[in-house]
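Breakdown of the fold
Listed below, chain by chain, are the residues.
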Amino acid sequence: MAEHCSFHDLSKLSPEDRAALLKRSETDISAFMERAKPIVQAVKEEGDEALLRFARDLDKAEVRPGNLKATEQEFDAAFDKVDKEVIEAIDYAIGNIRSFHEEQRPEPMWLKEVRPGAFAGDRWTPISSVALYVPRGKGAFPSVTMMTAVPAVVAGVPKIAICTPPTADGSIDAATLVAARLAGVSTVYKCGGAQAVAAVAYGTATVQPALKIVGPGSPWVVAAKRLLSDVIDTGLPAGPSEAIIFADETVDGRLAALDVLIEAEHGPDSSAFLVTHSREVAKAALAALPDYWAKMTPQRVEFSQAVLSGKRGGIVLTASLEESYRFINDYAPEHLEILSIEPFRHLGSVTEAAEVLMGPHTPVTLANFVLGPNAVLPTSRWARTYGPLSVTDFLKRSSIGYVTSSAYPELAGYARKLARYEGFSSHENAVSGIRDEILGPASRS
């Protein structure tokens, strides 16, 4: 069993080996970027024709000309294909996700009187068009549809479209269509990978261009986003899944083993660590893994064993709580579980994590599907500067200013001094006697 789970004794690692543990699969995607360039260029030049060709050659899917966009009939049929229990679960999850994100939406506008008669504030308005990327390579993810579509709808974006890779027969995963309709999105395109990013960046005969694209994806998607970052807003960097399960001495190691497999099963490019200062917890977790693998499907066993046996996964034994905190903050994980009967004891010491799930009853599974907070999260240490996808990712903020005639002279006097110091004569003139003369006596009252 040991060959399927790496054991890293942090205090015995060299600085180089410790640094290697912080690397993700997408840290260097230069090779993907080179291979994505011709795909992006082909979509730019050939449009739909290139999307159909890449669907056939890369996705191994037969999408018919004129059928790149899901029809109303396909949406209707999806509800017949998906079990009622699954539809009920999707509806339940969307309710929680919507409730959370509605609370997150800022006031449309606020103003503060910074000086008597002088007002400044913010106004929030929706981005006019966004694309939502829903991956499909290692499974079907209606959960990603919910997590991206609901905040976009709550934000009031008028044009929302989903891009997702087609299945072999040229259709779209039925549960994804169900989730899209229940969330309030009616446009779904049958394209994935780098070609989908290029399609919404440049537009094609079928695919309408968007101002922004959000959603997690493979290194191909990440590469295309980087290549097209000057054409389309690519949002927060969300790549392959990653998680740290932190466990202190108060919890059963079997629980830690159970949860470290959650994100590890996404694919061989994922990252997943159990971090603990308790050797007993580490040993119990290591011993529990074979029983859990016996209860998983072969593909997910293969994925999770590949992750946990390599340098992007396994058990990290630290010498102390403080060393655990340092490693977690250095790693800046996408998902962090704090397994402890007193989780809030640790929360203040962990500042670099996109999502923090507290206590033994809050596994990543709940957050990924039904809890409400967004599960589209920054990866590859971007949690140090980015937060989870939110309603505000689908809004743009404008500053608002309004100065009354009575407040103007005071502000103008100070602004004039600063403009003169910085050498901007037009700035200075705009708040000088020239303006007073144009506006007349009211400006000097």
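Presented here is a report on the structure given in the accompanying data block. Everything quoted here is computed from the prediction, not taken from an experiment. Here, residues in each chain are numbered from 1, in the same order as that chain's written sequence. Residues qualify for local features only when their pLDDT is at least 70, as the model is predicted, and side-chain atom pairs are given and counted only at 80 or more; totals for whole chains, interfaces and linings, by contrast, use all residues. With hydrogens and water excluded, all non-hydrogen atoms of the structure serve as input to the side-chain values.

**Looking at the pattern of salt bridges**
Think of it this way: side chains of opposite charge can pair up when their charged atoms draw near. One side-chain nitrogen of Lys or Arg within 4 Å of one carboxyl oxygen of Asp or Glu is enough to make a salt bridge. For the structure on display, the rule yields 17 salt bridges. With its nearest N and O atoms 3.1 Å apart, the salt bridge here joins R181 to E72. Within this pair, whereas R181 is found in helix α7 (residues 174-183), its partner E72 is found in helix α4 (residues 72-81), the two being separated by 109 residues in sequence. Buried means the residue's accessible area, taken with a 1.4 Å probe over protein chains only, is under 20% of the maximum for its type, while exposed means over 50%, and partly exposed covers the values in between. Of the residues examined, R181 reaches a relative accessible area of 29% and is grouped as partly exposed. The partner of R181 in a salt bridge is D76, and the shortest N-O contact between them spans 2.8 Å. Highlighted residues: R181 in helix α7 and D76 in helix α4, separated in sequence by 105 residues. Residue D76 is classed as partly exposed on the basis of its relative accessible area of 42%. Beyond isolated ion pairs, a larger network of salt bridges with shared partners links D9, K12 and R279. Going along the chain from the N terminus, every DSSP run of H or I of four or more residues is numbered as a helix, and every run of E of two or more is numbered as a strand.

**As for the pairing of strand β10 (residues 313-317)**
β10 sits mainly inside the fold: five of its five residues count as buried. In this analysis, strands are considered paired if DSSP registers two or more bridges between them. Strand direction decides the pairing type here: strand β1 (residues 7-9) and β10, joined by three bridges, are parallel. Directly across from F7, in β10, lies its bridge partner I315. When strand β9 (residues 271-276) meets β10, the two strands line up parallel, connected through five bridges. Along β10, the bridge assignment pairs T276 with L317.

**Brief notes about a negative patch on the surface**
Candidates for patches are residues over 30% relative accessible area with no salt bridge; among them, like charges are joined within 9 Å and nonpolar side chains (Val, Leu, Ile, Met, Phe, Trp, Tyr) within 5 Å. Each accessible area is a Shrake-Rupley result for a 1.4 Å probe, and residues are judged covered by the shown protein chains and nothing else. The convention is simple: Lys and Arg are positive, Asp and Glu are negative, and His and the chain ends are not counted. Taken as the charge location is NZ of Lys, CZ of Arg, CG of Asp or CD of Glu. Together, D83, E85, E88 and D91 give the surface a local cluster of negative charge. For D83, the location among the structural elements is in the loop between α4 and α5 (84-104). Looking at D83, the relative accessible area reads 54%, which means it is exposed.

**A word on the pairing of strand β3 (residues 118-126)**
Where a strand is regular, its side chains alternate between the two sheet faces. Inspection of the sheet shows strand β2 (residues 109-115) paired to β3 by six bridges, in the antiparallel sense. If you follow M109 over to β3, its bridge partner there is R123. Turn length for the β2-β3 hairpin, with the two strands adjacent in sequence and antiparallel, is two residues, and the turn residue G117 shows positive phi of about 85°. Judged from the nine bridges that link them, β3 and strand β13 (residues 395-403) form a sheet pairing that is antiparallel.

**Regarding the packing of helix α10 (residues 253-264) against helix α12 (residues 298-308)**
Note on geometry: axes are C-alpha line fits, over the in-contact stretch for helices, and angles between N-to-C directions span 0 to 180 degrees. Two numbers describe how α10 lies on α12: the axes approach to 9 Å, and their chain directions differ by 105°. Here α10 lies roughly perpendicular to α12, going by the angle between them. Residue-level inspection shows V260, L261 and A264 of α10 in contact with α12, the latter providing F303, S304, V307 and L308. By residue class, the composition of the contact of α10 with α12 is six nonpolar, one polar and no charged. Each angle receives one of four descriptions, namely roughly parallel if under 35 degrees, roughly antiparallel if over 145, roughly perpendicular if within 65 to 115, and oblique otherwise. Contacts are assigned to residue pairs with any non-hydrogen atoms lying within 4.5 Å of each other. Note on residue classes: Ala, Val, Leu, Ile, Met, Phe, Trp, Tyr, Cys and Pro are nonpolar, Asp, Glu, Lys and Arg are charged, and everything else, Gly too, is polar.

**Side note on the sheet that holds strand β7 (residues 212-214)**
Spatial ordering of the open sheet is given by β6-β5-β4-β7, a layout of four strands whose pairing is parallel. At either margin of the open sheet sits one strand with a lone partner, and together these are β6 (188-190) and β7. Strand after strand, the sheet turns through a mean of 25° between neighbouring axes, direction not considered.

These figures capture arrangement, not role.
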